[in-house]
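These are the residues of each chain, in order.
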Amino acid sequence: MASPPLFYFLIFLTVVSAVTLPLSPFSHSTDQSPNNDAHLALRRLADSSIARAQQLKQPTSIKPNEDSLSASSADAVKSPLTPKSYGGYSVSLSFGTPSQTIPFVFDTGSSLVWFPCTSRYLCSGCNFPGLDPTRTIRFVPKDSSSSRVIGCQNPKCRFLFGSNVKCRGCDPSTRNCTVACPPYILRYGLGSTAGILLSEKLNFADLTVPDFVIGCSILSTRQPAGIAGFGRGPESLPSQMNLKRFSHCLVSRRFDDTNVSTDLDLDTGSGHKTESKTPGLSYTPFRNNPKVSANAAFLEYYYLSLRRIFVGSKRVKIPYKLLAPGPDGNGGSIVDSGSTFTFMERPVFELVAEEFATQMSNYSREKELEKITGLGPCFNISGKGSVTVPELTFVFKGGAKMELPLSNYFTLVGSVDNVCLTVVSDNTVSSTGGRSGPAIILGSFQQQNYHVEYDLENDRFGFARKKCSPYPCVPKVTYIKKVKYIKRNLFLSVSRVQIKGFDNILRTQRSLIIIISKKMSFSSVSSGKSFPSISNDTSALSVLE
């Protein structure tokens, strides 16, 4: 590994006010899958969301494995953010000299940035849909003249291991120790990764960040890509870049079989006034993180002050001890882009699910489908003249309301006959027999088609509904009465549709026809929402809003 002169790492950060990066979802295979495959896909996402929640609620510390591994001025820095079939969103970053571009999972629930590293990188159990583990993009340190291993006495080694890091073979009285920072082992839900810390250059078109601490992972399990940690720890990308705010708009996963993305915006500070608000956004302050010595990872999370949950017009009566973190760190709500479906601890989930079941009692429950998919409640809506689903609304401190569009909390499952709530829970309790960690985790599925802003400078969270399509939002409107369409070899009859005061209107996105079953009409009433459009595959082609 090359070791360039020290002055390369002491270059001052070029002044740039903001960075924009494309943010994308990992693509589904373009082959259409039978219904049982769709059920299994949902089951995988539900299981991974629960496993992710369990890890966030009971995090394990970073463990050194010491025996196993010996710019110019600009207003914006952007990168594409793309949805992926395994449930996450991908962002590409460039490191090294010359640059090597690597895809990462965008994750606000952890802090370390790490990539698959060296030509000998191994990943076990990494056969994800649409991904070939043998083609994983790896960073090769020997090909970069700016790579160097972080030393054990380097202050940045403490980012992961704290002030009590032990440097084997080092004399505590000397500052000339050449021993490397201990290797790390991290867990992420069902997966893990292990490696060593490097210092590298992070490169954008108009900005270079020298001496950036990044994990060089040699071995991983069940990891579809590296992780771009955007949490609150000192090793996270926002902390190392000293970002004032970052924001994104997560494109709907209904575009999974296309190569689309939206921008992840990184604001370094000079492009806005200190206390300015982005027009149109509702804000709620971040809540103080619980300081629990046994779970220092809680300090990395973005806690929100969720005050109330409504199903339709009915307020769900959730005990305050679940909505606010206690002195033991248990309870409260966090927002996490690395979780697919929103997680609710069992007492919260049962209250919310019960209210949906009560207000949708005219539809039969699909208990067997709930067992197969891991989602619920699920309902059979076949043979109904109209389908009405109550709204799901989160109300935060300060009055900010997140009134979710229907497609963000219900999904068609396998056919036009069944729908399921896309919120998950489990029966797990902590090792002490009680609750552990945050009670509610707001996942990325519920953040689709929202402009979301993490205002770090003013310690607040902003959001607003927005169609996160990268294409010009110029709706094409077709007026219909009784028309027949053939789309992807599927023959359906289109019936009368009512959408929020518009009669007999069929919307399209980029000339894509919304297909509606002839058996059903979808109406919007004051306490409910119209259902997503129906297609011949497992996901809706577009969304009725």
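Definitions and limits used
- Residues numbered from 1 in each chain as written.
- Predicted model: local features only at pLDDT ≥ 70, side-chain atom pairs only at ≥ 80, totals over all residues.
- Heavy atoms only, no water.
- Phe/Tyr/Trp six-rings, centres within 6.5 Å; stacked < 30°, edge-to-face > 60°.
- Helix = DSSP H or I, 4+ residues; strand = E, 2+ residues; numbered from the N terminus.
- Buried < 20%, exposed > 50% of the residue type's maximum accessible area, 1.4 Å probe, protein only.
- Lys NZ or Arg CZ within 6 Å of the ring centre and 35° of its normal.
- UniProt positions renumbered as here; feature names shortened; annotations may be inferred.
- Contact = heavy atoms within 4.5 Å.
- Polar contact = N/O pair within 3.5 Å; in protein donor to acceptor, adjacent residues only side chain to side chain.
- Core = buried A, V, L, I, M, F, W, Y, C linked by side-chain atoms within 4.5 Å.
- Salt bridge = Lys/Arg side-chain N within 4 Å of Asp/Glu carboxyl O.

## Quick notes on the packing of aromatic side chains
Here's step 1: Tallied over the entire structure, the rule returns 25 aromatic pairs.
Here's step 2: Arranged with centres 6.4 Å apart and planes meeting at 70°, the rings of Phe 246 and Tyr 302 form a pair that is edge-to-face. Residue Phe 246 is located in strand β12 (residues 245–249), and its partner Tyr 302 is located in strand β15 (residues 302–304); the two are separated by 56 residues in the primary sequence. The same class applies to Phe 246 as to Tyr 302, namely buried.
Here's step 3: For the pair Phe 356 and Phe 410, a centre-to-centre distance of 5.6 Å together with 65° between the ring planes defines the contact as edge-to-face. With a gap of 54 residues between them, Phe 356 in helix α5 (residues 346–359) and Phe 410 in strand β26 (residues 410–412) connect regions that are remote in the sequence.
Here's step 4: Take Phe 356: its relative accessible area is 0%, and that puts it in the buried class.
Here's step 5: Aromatic ring contacts, followed pair by pair, group Phe 106, Phe 230, Phe 246, Phe 286, Tyr 302, Phe 396, Tyr 450, Tyr 454, Phe 461 and Phe 463 into a single cluster.
Here's step 6: The ring of Phe 286 has Arg 232 sitting right over it, with the charged end atom 5.0 Å from the ring centre.

## Some remarks on the environment of Leu 406
Here's step 1: As for its placement among the helices and strands, Leu 406 is situated in the loop between β25 (401–403) and β26.
Here's step 2: Measuring from C-alpha to C-alpha, the distance between Leu 406 and Val 389 comes to 7.8 Å, with 17 residues separating the pair along the chain.

## A short note on the UniProt feature "active site" (unreviewed entry) in the protein chain
Here's step 1: The positions that UniProt labels "active site" (unreviewed entry) are, in the present scheme, Asp 107 and Asp 336. Annotated residues spanning 230 residues; largest pairwise C-alpha distance 6.9 Å, indicating a single compact cluster.
Here's step 2: Checked against the element boundaries, Asp 107 lands in strand β4 (residues 100–107).
Here's step 3: Judged by its relative accessible area of 1%, Asp 107 is buried.
Here's step 4: What Asp 107 contacts, discounting residues up to four positions off in sequence, is Arg 52, Tyr 188, Ile 227, Ala 228, Gly 229, Phe 230, Gly 231, Asp 336, Ser 337 and Gly 338.
Here's step 5: Here the side chain of Asp 107 touches Ser 110 through a polar contact of 2.6 Å, side chain to side chain.

## Focus on unusual backbone geometry
Here's step 1: With an omega of 0°, the peptide bond running from Thr 97 to Pro 98 counts as cis.
Here's step 2: Secondary-structure assignment places Pro 98 in the loop between β3 (89–95) and β4.
Here's step 3: The peptide bond linking Gly 376 to Pro 377 adopts the cis configuration, its omega dihedral lying at 0°.
Here's step 4: We note that Thr 118 has phi near 70°; this positive angle belongs to a residue other than glycine.
Here's step 5: With respect to the helices, strands and loops of the structure, Thr 118 is situated in the loop between β5 (114–116) and β6 (122–124).

## Observations concerning the nonpolar core
Here's step 1: Phe 204 and Leu 266 are the most contacted members of the largest nonpolar core, which totals 79 residues.
Here's step 2: For Phe 204, the contacting residues outside a window of four places in its chain are Val 19, Leu 21, Val 77, Leu 93, Val 209, Met 241 and Leu 266.
Here's step 3: Counting residues in each nonpolar core, the second largest holds 22 residues, with Ile 50, Val 292, Phe 298 and Leu 369 among its members.

## Quick notes on the pattern of salt bridges
Here's step 1: Applying the stated rule across the entire model yields 9 salt bridges.
Here's step 2: Between Arg 232 and Asp 459 there is a salt bridge; the shortest N-O distance is 2.7 Å. Taken together, the residues span a long stretch of sequence, with Arg 232 in the loop between β11 (226–229) and α3 (237–241) and Asp 459 in the loop between β30 (450–455) and β31 (460–465) at a distance of 227 residues.
Here's step 3: When its relative accessible area of 26% is taken as the criterion, Arg 232 is described as partly exposed.
Here's step 4: Here Asp 267 ties to Arg 245 by a salt bridge, and the two come within 4.0 Å at their closest N and O atoms. In this pair, Asp 267 is assigned in strand β13 (residues 262–267) and Arg 245 in strand β12, connecting sequence segments 22 residues apart.
Here's step 5: Bridged by salt links that share partners, the residues Arg 245, Asp 267, Glu 453, Asp 455 and Arg 460 form one connected network.

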